[in-house]
Amino acid sequence: MKTNFHNYAEEYFKHRNDIPSVFFEELAKRNIDVSGSKVADIGAGPGFLSKALSGHGAIVDAVEPSEEFIEIGKKYVGNDDRISFTKGTAEKTGLADDTYDIVIVMRAWHWFDSEKAAKEARRILKPDGILIVADIGFKVSSKMMKDSMKIVKKNSKHEELKPAGSKDDSIQKINGFPVEWFSDWRHEKLDLEEFFKHEYKVKFTDQEWLGRLGTSSWLVSFKKKQMDKTMEKIAELLNSMDDEKKHKVPHVLNVAILRNKHK
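Notes on the structure in this doc start here.

About the cut-offs
- Residues numbered from 1 in each chain as written.
- Predicted model: local features only at pLDDT ≥ 70, side-chain atom pairs only at ≥ 80, totals over all residues.
- Heavy atoms only, no water.
- Phe/Tyr/Trp six-rings, centres within 6.5 Å; stacked < 30°, edge-to-face > 60°.
- Helix = DSSP H or I, 4+ residues; strand = E, 2+ residues; numbered from the N terminus.
- Buried < 20%, exposed > 50% of the residue type's maximum accessible area, 1.4 Å probe, protein only.
- Lys NZ or Arg CZ within 6 Å of the ring centre and 35° of its normal.
- Core = buried A, V, L, I, M, F, W, Y, C linked by side-chain atoms within 4.5 Å.
- Contact = heavy atoms within 4.5 Å.
- Polar contact = N/O pair within 3.5 Å; in protein donor to acceptor, adjacent residues only side chain to side chain.
- Salt bridge = Lys/Arg side-chain N within 4 Å of Asp/Glu carboxyl O.
- Pairing = 2+ DSSP bridges.
- Axes fitted to C-alpha atoms, helices over the stretch in contact; angles between N-to-C directions.
- Expected span 1.5 Å × (residues − 1).

Attention now goes to the packing of aromatic side chains. In total, this model carries 18 aromatic pairs according to the counting rule given. Considering the side-chain rings of Tyr8 and Tyr12, the 5.7 Å spacing of their centres and the 45° angle between planes classify their relative orientation as tilted. Pair noted here: Tyr8 and Tyr12 are both in helix H1 (residues 8-15), with a separation of four residues, about one helical turn. Measuring from ring centre to ring centre gives 5.2 Å for Phe23 and Phe24, while their planes differ by 75°; the resulting arrangement is edge-to-face. Each of the two residues, Phe23 as well as Phe24, counts as buried. Taken together, Trp109, Phe112, Phe177, Trp181, Phe182, Trp185 and Phe195 form an aromatic cluster joined through their ring pairs. A cation over a ring is seen here: Lys51 above Tyr76, with NZ or CZ 4.3 Å from the ring centre.

Okay, structure coming up:
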């Protein structure tokens, strides 16, 4: 099995295109129709969400700070004229004021300066526009998963695995989101209208599971030798199992829907 995961952007592109269709189904149930909407996809990565949004009829500005992701993303979306990539950050998008019907952040808010990102989201949203903050994570359940995480923890320089970004600094969480985020949103008059979550399972082959872990936020800070050792040990674990099979991994989608009430 391949255990080299040093080109993060390429590996992320190979292994993380896993946004569930239920995300859009749940939005539709709440009368959030992206078709024809002007949407800002903040922290767009290689454009997985942007392409899905375009497929549902949205006009998308994909904002991403990484030139590697932007290059991969442009190839991924091809000649889709409904998607434009912009190099920028959540705190300074470079987008115009009062322009977007919807701003969406998928699996990225914890990397932002939450206070500044909330202010920027409010600035670019139209009055009464919608901010959607979504997160996807897996739940450690099976023995294979527990053993895999033990290996990651053993090779981590910390005494315990810590959540990524601002999730580690939070004193308390609401439905998996730090309470501080809610305070920042409220300060910018981004009113929380609804929160929903959906639990589902994703099947992984051994190689796909290696790819999922190798691009996880826990391993982003690992150095080359540290990463190699971790991935090799997990590959050995998977090889020691009787037969390669599909691993059913429980996932949770958490979504906050907020309305721009700033006048």
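Let us look at the nonpolar core. Of all hydrophobic cores here, the largest spans 35 residues; its most connected members are Phe23, Leu49, Leu53, Ile102, Ile132, Leu253 and Val255. Not counting residues within four places of it along the chain, the set of residues in contact with Ile132 comprises Phe23, Leu27, Ile32, Ile102, Val103, Ile104, Val105, Val255 and Ala256. In terms of nonpolar packing, the next biggest core, distinct from the first, is built from 26 residues, Val105, Ala108, Phe177 and Trp181 among them.

Turning our eyes to something else, we now look at the side chain of Arg259. Examined against the element boundaries, Arg259 turns out to sit in strand E9 (residues 247-260). Polar contacts involving the side chain of Arg259 include one to the side chain of Glu193, which spans 3.1 Å. Not counting the four nearest positions on each side in its chain, Arg259 is found in contact with Asp128, Gly129, Ile130, Lys189, Leu190, Asp191 and Glu193.

One pass over the full model with this rule turns up 21 salt bridges. Its salt-bridge partner being Arg30, residue Glu194 comes within 2.8 Å of it at the nearest N-O pair. Of this pair, Glu194 sits in strand E8 (residues 190-204) while Arg30 is found in the loop between helix H2 (22-29) and strand E1 (38-42), placing the two residues 164 residues apart along the sequence. When its relative accessible area of 32% is taken as the criterion, Glu194 is described as partly exposed.

Further remarks concern H2. Within the sequence span of H2, burial applies to Val22, Phe23, Phe24, Glu26 and Leu27. Against helix H3 (48-55), strand E4 (100-106), strand E5 (125-138), E8 and E9 lie the buried residues of H2. Once H2 ends, the next one or two residues include Asn31, with phi positive near 60°.

Turning our attention to the environment of Leu219. Along the chain, Leu219 falls in the loop between helix H9 (206-214) and helix H10 (224-239). Sequence separation between Leu219 and Ser156 is 63 residues, and the spatial gap between their C-alpha atoms is 8.3 Å. Setting aside chain neighbours within four positions, we find Leu219 in contact with Val152, Leu213, Gly214, Met227, Thr230 and Met231.

Here the focus is the sheet that holds E9. One open sheet accounts for seven strands, arranged E3-E2-E1-E4-E5-E9-E8; its pairing is mixed. With partners counted over all chains shown, the strands left at the sheet margins are strand E3 (83-87) and E8, one partner each. Across this sheet, the average inter-strand angle for adjacent strands is 20°, counted without regard to direction. Of the pairings in the sheet, the one linking E1 to E4 comprises four bridges and is parallel in character. Paired with Asp41 across the bridge in E4 is Ile104. Where helix H4 (residues 67-77) meets the sheet, its contacts fall on strand E2 (59-64) and E3, and the angle it forms with E3 comes to roughly 170°. The strands touched by helix H8 (residues 179-187) within the sheet are E5, E8 and E9, with E8 carrying the most contacts at an inclination of about 140°.

Attention now goes to helix H6 (residues 143-155). Given a rise of 1.5 Å per residue, 13 residues ought to cover 18 Å, and the 19 Å separating the end C-alpha atoms of H6 matches this to within 8%. Listed as buried for H6 are Met144, Met145, Asp147, Ser148, Met149, Ile151, Val152 and Asn155. Check the buried side of H6 and you find it contacts E5, H9, H10 and E9.

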